[in-house]
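Below are the chains, spelled out letter by letter.
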Amino acid sequence: MKSSELGCLESGDLRISGELICKICQDLYNSGWVTGTGGGITIRSGDAIVIAPSGVQKERMQLEHLFVMSLKTREYLHKPLQALKPSQCTPLFLAAYTCRDAYACIHTHSQEAILLSEVFPNSDYFSASGFEVLRHIPRGSKRNGFYSVTDAVKIPFINNTAHESDLHDSLKAAILAYPEACAVIVRDHGIYCWGDTWQDTKMNTEAVEYLFQAYLRSRKIEY
Ligand SMILES: CSCCC(=O)C(=O)COP(=O)(O)O
Ligand SMILES: [Zn+2]
C-alpha cells in the first residue's frame, strides 16, 4: 500500500485513530464482542471521524480499509481504494457524536446484551445496583461523575430493527431520554457505548459488559 493512497490517514492524529480502531477491534474480537463482522468502533479526531468498513472481519482490518468523514459536513474526506462501503452503524455513531459530544463509540454484539433482552422483555431500561463495577461507569459522561456501588444505574433498551441504520431515531431518543447513561442496549443485538476519549469509551464498554456478565451470573446463582 503506497502511503499516498491512505490520504489523510497517512499521518498525524487520523493515522493514530485509524491504527487504534484496528487494534481495539482485535481486542473486542478477543472478548467475543465483534464476531462474524458484527459490531465496530469509530474514533473522532477534531472534526473528522474515522469509520470502519461494512461487512468485513473487524479484527482483520487495516488502515487502507477505513473511511474518514467530516462530522460537520458529513462528507467523506477519505475513502478506501477497495470497493468497500462505510459501516451500517455510521448513523448510530453520528448520534453519539452529536447528542453526547462523544469522542468515540463502540458497538458490540455481546451475548450478554441478548440475554438481558430476554430477562427484561418488557422493560424500558436495565437497572442494577450493589456491584463494585458501578464505580467505573460514568453518569453519562465522566464530567458528571461516576455511579457509587449503592446507586442504581439505568441503561435503556431499544428494539432491534431489520437494518442497522433504522435504529437511528430510537437510539437518539434513548440517548436524550437517559442523560446519565453511557450506553444503549439494542434488544437481541448488542450495545452502543460512548465516552469522552477513546480510552474512556473502551473502559466504559468493558465496565458495562462486565456489569451485564456479573448480573446474569448472580441471577443464575439465585436459581
Ligand atoms: C452481520 S452484522 C449486521 C450489521 C450489524 O449489526 C453490525 O453491527 C455491523 O455492521 P457493519 O456494516 O459495520 O458490518
Ligand atoms: Zn450490529
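These numbers come from a predicted model, not from an experiment.

Caption draft 1: Seen up close, the pattern of salt bridges. Evaluated as defined, the whole model comprises nine salt bridges. Salt-bridge contacts for aspartate 151 lead to arginine 139; the nearest nitrogen and oxygen are separated by 2.8 Å. Of this pair, aspartate 151 sits in the loop between β8 (141–146) and β9 (153–158) while arginine 139 is found in strand β7 (residues 138–139), placing the two residues 12 residues apart along the sequence. One salt bridge connects arginine 139 with glutamate 180, and the closest N-O pair in it is separated by 2.8 Å. Within this pair, whereas arginine 139 is found in strand β7, its partner glutamate 180 is found in the loop between α4 (168–177) and β10 (183–186), the two being separated by 41 residues in sequence.

Caption draft 2: Focus on the layout of surface pockets. What the largest pocket holds in volume is close to 230 Å³. Where the lining of the largest pocket is concerned, the elements lending two or more residues are β7, β8, β11 (190–195) and α5 (198–222). Partitioned by chemical class, the residues of the lining of the largest pocket number six nonpolar, six polar and eight charged. The computed volume of the second largest pocket comes to approximately 150 Å³. Residues belonging to the lining of the second largest pocket are distributed by class as follows: one nonpolar, 10 polar and two charged. Looking at which domains feed residues into the lining of the second largest pocket, each of domain 1 (1–87) and domain 2 (88–223) supplies at least three.

Caption draft 3: Structural detail: the UniProt feature "domain: Class II aldolase/adducin N-terminal" (unreviewed entry) in the chain. The feature "domain: Class II aldolase/adducin N-terminal" (unreviewed entry), as annotated in UniProt, sits at residues 19–216 in this numbering. Taken end to end, residues 19–216 is 31% helix and 25% strand, and its first and last C-alpha atoms sit 34 Å apart.

Caption draft 4: Layout of the coordination of the zinc ion (ligand 2). All of the protein donors around the zinc ion (ligand 2) are His107 (NE2), His109 (NE2) and His189 (NE2); their distances to the metal are 2.1 Å. Counting along the primary sequence, the residues that act as donors to the zinc ion (ligand 2) give the motif H-x1-H-x79-H. Overall, histidine 109 belongs to the partly exposed group, its relative accessible area being 25%.

Caption draft 5: Just the pairing of β11, in detail. By the criterion of burial, β11 is predominantly enclosed, with six of the six residues buried. Here five bridges tie strand β5 (residues 104–108) to β11, and the two strands are oriented antiparallel to one another. The partner of cysteine 105 across the bridge, within β11, is tryptophan 194. The pairing of β10 with β11 spans four bridges and is classified as antiparallel. Across the sheet, residue isoleucine 185 finds its bridge partner in β11, namely isoleucine 191. Remark: three residues form the turn of the hairpin made by β10 and β11, two consecutive strands paired antiparallel; aspartate 188 in that turn has positive phi of roughly 55 degrees.

Calculation rules
- Residues numbered from 1 in each chain as written.
- Chains lettered and ligands numbered in written order.
- Predicted model: local features only at pLDDT ≥ 70, side-chain atom pairs only at ≥ 80, totals over all residues.
- Heavy atoms only, no water.
- Salt bridge = Lys/Arg side-chain N within 4 Å of Asp/Glu carboxyl O.
- Helix = DSSP H or I, 4+ residues; strand = E, 2+ residues; numbered from the N terminus.
- 1 Å grid on protein atoms, 1.4 Å probe; cavity = no way out; pocket = protein on both sides within 12 Å on 5 of 7 lines; lining within 4 Å.
- Points joined across faces, edges and corners; volume = space filled by probe spheres on them.
- Nonpolar A, V, L, I, M, F, W, Y, C, P; charged D, E, K, R; others polar.
- Domains from an automatic or database assignment.
- UniProt positions renumbered as here; feature names shortened; annotations may be inferred.
- Donors = N, O, S within 2.8 Å, 3.2 Å for Na, K, Ca; no water.
- Buried < 20%, exposed > 50% of the residue type's maximum accessible area, 1.4 Å probe, protein only.
- Pairing = 2+ DSSP bridges.

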